[in-house]
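Working through the structure, step by step
Now for the letters of each chain:
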Amino acid sequence: MSNKATILVIDDEAPIRKLLEITLQSNGYNVLQAATAKEGTIAAASHPPDMILLDIGLPDASGHDVLPELRQWYTHPIIILSVQNAEEDIIRALDNGANDYLVKPFRTGELLARIRSAIRTTTPEETAPVINTGALQIDLQNRIVKVNTETVKLTATEYTLLALFARNEGRVLTHQYLLREVWGPGYINQSQYLRVFIAQLRKKIEADANRPQYITTESGVGYRFIAT
Amino acid sequence: MATGSIHTPKLNQYLLSSLLIAGVSIGCYFISDLVGYRVVAFILLLCVSLLAILFDILPVLFAAALSALVWDFFFIPPHFTLQVSTTEDAILLLMYFVIAFINAVLTYKIRRAEKLARDKEEREHIVKLYNTLLNSLSHELRTPIAAIIGATDNLNSNNNLTPQNRFDLVAEISKAGFRLNQQVDNLLNMSRLESGFIQPKNDWCDINELVYEAVHRIEENTSQRISININPDLPFFKLDKGLLEQVIYNLVNNAVQYTPAKSSIQISAACHADVLSINVEDNGPGFPDAEIGQVFDKFYRLKNTRTGGTGLGLSIVKGFTEAMKGNVSLENGTNGGARFTIGIPAETNYLKNLKNE
């Protein structure tokens, strides 16, 4: 019960709010609730929470519109909880600044893990220069990557990609985002580059490249780096 | 048989085109001395244009050719031959042909473009309706499923729950189950209506009892005050109990969903000349006047309404009421709330008579 982070739930469905209230409170979070986009933005502004769980289908506005509005000033994590499972909805939300996207119905354990991960990623003192996870070690300061204490030779692009993942641990990075960050804005439609480099990277760092542990695929949307 | 039925309208069009050209030509024959044969050409062109608006391309081209021949044969001197004596008339005849054909083809093209645009619009409308339904259905089904899965996850493996938490979670599961069941009912009812196989099974119904049963299913989960105002001496009606109960349930449920908490909903029933009339009235915000005409349409949902709901409830009300040969109407009451009225013609009988039956 050490984490007394405050989470704002913006969802118009009373059963979902009730469920999240019980789930989050019993796991040591403070919970604020709002049933509309308007109430939500007011609540976020008056008592800035440590995280927002935002629904897309709100009665007075779409979550897709609320998100960029919040992102103009709100820097803490925002996780989207929505019944919409279309790729374009997910990509749009992630591109608009959502840290994560969970489709309803969701498993409680997964929700809590994503919340922990989102809070961890945005806590600056925890982004250590060296990331150790399983057999993988990434030294961001000295640009050295080791698997089972053996140094892995990465090309410059492979390293840039891996470092980007490591700095955004737990977060879904969309294809467009990765292409823009690693290759540049002119390459955002060249998803084949990404596929090739992800495959190479997995061969070098994963125990089994066909069943990746570290870089997982978010089907149709992007990739996520998971540190265990 | 099948090919015959396809060709009949076309044959009719050829026949009607010929008749029109023949009729007009006979008429013109008598006035051609007065107006001159060149004016006759314009009159015939006019006929071809009219036919182009109404008929398919081939009958119109046929009419264009026929009228050109008729004009040449009967009107261009020398009469009753296809010969043309002057160069001027030859040019006129040629121009007649060309203009008539262009006229027919252009009109046909315009009509086809219009039809394509109309079809496209209709298709888009259907796709939009379909998407609306899918969206609202996924919301209506997934929300309660999310509540159930989330609640059971917690009950299974969360050791920090208070007894009150457990009680609340179980209550949410039960509510979600009812909500899912209601959506499934709506979908099944909708497909019954779509299939067109609703045969009311009429039996004597006590309207008081029926309304209480419909309302009882809703009352437990709502903060609205539902009052029932039915004369206990109302006769029995010979009606389909299941259909009528669903109609009342959907009307009351609609009022519960779309009025603010603690609103009041009134249900009243009366009998006028073997017509059962039932009113469901609330003191909520009512319906925007511009949208009243559409609320019974399948999948229609008010603009700027809350999320949730599939746009099926009220269309089922209309479908079931009409299956019972009745009608349903909506108006905003004097207090601003919505007032639904259904009227269903039915045989009536009083309890005392039934007892002797």
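Everything quoted here is computed from the prediction, not taken from an experiment.

Quick look at the pairing of strand β12 (residues 222–225) of chain A
It is a general feature of regular strands that their side chains alternate between the two faces of the sheet. All names here are of chain A. Pairing of strand β10 (residues 172–174) with β12, which is carried by three bridges, proceeds in the antiparallel orientation. From the neighbouring strand, threonine 174 faces β12, where its bridge partner is glycine 222. When strand β11 (residues 215–218) meets β12, the two strands line up antiparallel, connected through four bridges. Paired with threonine 217 across the two strands is tyrosine 223, which belongs to β12. Remark: three residues form the turn of the hairpin made by β11 and β12, two consecutive strands paired antiparallel; glycine 220 in that turn has positive phi of roughly 75 degrees.

Some words on the interface of chain B and chain A
If you look at the interface, chain B gives 24 residues, while chain A gives 20 residues. Elements supplying a minimum of two residues to the side of chain B that touches chain A: α4 (87–157) and α5 (163–195) of chain B. Among the elements that take part in the side of chain B that touches chain A, α4(B) stands out by supplying 13 residues, more than any other.

Some words on helix α6 (residues 207–219) of chain B
Because each turn of an α-helix spans 3.6 residues, side chains separated by three or four positions end up pointing in the same direction. Residue and element names in this part refer to chain B. The end-to-end C-alpha distance of α6, which contains 13 residues, comes to 18 Å, matching closely the 18 Å that a straight helix rising 1.5 Å per residue would cover. Taken residue by residue, α6 has Ile207, Leu210, Val211, Ala214, Val215 and Ile218 as its buried positions. Relative to the axis of α6, the buried residues are bounded by an arc of 120 degrees and lie together on one face. Residues Glu209 and His216 are exposed on α6 and point more than 90 degrees away from its buried face. Looking at the buried residues of α6, the elements they touch are β1 (203–205), β2 (225–230), β3 (236–239), α7 (241–258), β4 (264–272) and β5 (275–282).

Parameters and conventions
- Note that residues are indexed from 1 along each chain, following the sequence as it is written.
- All chains are assigned letters beginning at A, and all ligands numbers beginning at 1, according to the order in which they are written.
- Totals for whole chains, interfaces and linings use all residues, but because this is a predicted model, local features are given only for residues with pLDDT of at least 70 and pairs of side-chain atoms are given and counted only at 80 or more.
- DSSP calls a pair of strands paired once it identifies at least 2 bridges connecting them.
- Per the convention used, a helix needs a DSSP run of H or I reaching at least four residues, while a strand needs a run of E reaching at least two, with both numbered from the N terminus.
- Two residues qualify as a contact pair if the distance between their C-beta atoms, derived from the backbone, is within 7 Å.
- By this rule the span expected of a helix is its residue count minus one, scaled by 1.5 Å.
- Any residue surrounded by 20 or more other C-beta atoms within 10 Å of its C-beta is treated as buried, while 12 or fewer makes it exposed and the intermediate range makes it partly exposed; C-beta atoms here are placed from the backbone.
- Think of it as the arc spanned by the lines of direction from the helix axis to the C-beta atoms.

Without other data, these values stay purely geometric and don't point to any function.
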